[in-house]
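As a plain string of letters, each chain reads:
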Amino acid sequence: MSAATAATPVNAEQTGRRVEEVLERLAASGDPAAAAAAEELVRSLMDFYGAGLARILQLLSSAPGDPPAGLLGDELVASLLVLHDLHPEDRDTRIARALGSVREHALDVVGFDEESGTLALRAREAAGGCGCGSGSGAGAREAAEAALACFAPEVRAVDVQTAPAGPTLLQIGTAPTGAR
């Protein structure tokens, strides 16, 4: 592999979509043998690269310490490890890592619905309370979705709720102090 190829960023989500599109075109071509051969080729390559990644992780884990944070924090490497079910971090840790990469949006995890794959997030507004905090709006959702696609693809949808800044949040089922 050349240095230019290694430096070119690859988007795992776009690559996956491209592979699916090519397989669909082959299936639609009317040549079932070509479509079956292409699917077998993709499976073989996935098995080959998955085995290589598993070996890399095995060698890294036998060395003193954990896998380097840079390895787990790299979007391309993380997406490959998740794709092959090799990522050593659990889903919640990977979600936190993804949201940590978009800190400027100040997002907190509210919950995750495993059945629908929906991650509920709360965006904290800026202290000014003008409703235009850095974490609110479509920009926060888009940033979270992009980061989660690599680190936690099991998150299929993101729901961002806006919360006021400061300690003014009430716990459900409780009344504010002094209210009767």
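The structure displayed is predicted, hence computed values, not measured ones.

Caption draft 1: Region of interest: the pairing of strand S2 (residues 118-124). Where strand S1 (residues 107-113) lies against S2, six bridges are found, and the strand directions are antiparallel. If you follow Phe112 over to S2, its bridge partner there is Leu119. Hairpin remark: S1 followed by S2, antiparallel, with four residues in the connecting loop; positive phi at Gly117, about 75°.

Caption draft 2: Structural detail: the pattern of salt bridges. Tallied over the entire structure, the rule returns five salt bridges. Two residues, Arg91 and Asp92, come together in a salt bridge whose shortest N-O distance is 3.2 Å. Glu145 serves as the salt-bridge partner of Arg141, at 3.2 Å between the closest nitrogen and oxygen. Within this pair, Arg141 and its partner Glu145 are both found in helix H7 (residues 138-151), separated by four residues, close to a single helical turn. The exposure class of Arg141 is partly exposed, given its relative accessible area of 30%.

Caption draft 3: Structural detail: the packing of aromatic side chains. Applying the stated criterion across every chain, the model contains one aromatic pair. Plain terms: the ring middles of Phe48 and Tyr49 are 5.3 Å apart, the flat faces sit at 75° to each other, and that makes the pair edge-to-face. A relative accessible area of 56% means that Phe48 is categorised as exposed.

Caption draft 4: Spotlight on helix H5 (residues 75-83). Burial in H5 covers these residues: Ala78, Ser79, Leu81 and Val82. Buried residues of H5 fall within an arc of 160° about the axis and therefore sit on the same side. The secondary structure elements touched by the buried residues of H5 are helix H2 (12-28), helix H3 (32-62), helix H4 (69-73), helix H6 (91-100) and H7. The backbone nitrogen of Leu76 lies 3.1 Å from a side-chain oxygen of the residue at the head of H5, namely Asp74. One or two residues past the end of H5 sits Asp85, with phi positive at roughly 55°.

Cut-off values and rules
- Residues numbered from 1 in each chain as written.
- Predicted model: local features only at pLDDT ≥ 70, side-chain atom pairs only at ≥ 80, totals over all residues.
- Heavy atoms only, no water.
- Pairing = 2+ DSSP bridges.
- Helix = DSSP H or I, 4+ residues; strand = E, 2+ residues; numbered from the N terminus.
- Salt bridge = Lys/Arg side-chain N within 4 Å of Asp/Glu carboxyl O.
- Buried < 20%, exposed > 50% of the residue type's maximum accessible area, 1.4 Å probe, protein only.
- Phe/Tyr/Trp six-rings, centres within 6.5 Å; stacked < 30°, edge-to-face > 60°.
- Arc of directions from axis to C-beta.
- Contact = heavy atoms within 4.5 Å.
- Polar contact = N/O pair within 3.5 Å; in protein donor to acceptor, adjacent residues only side chain to side chain.

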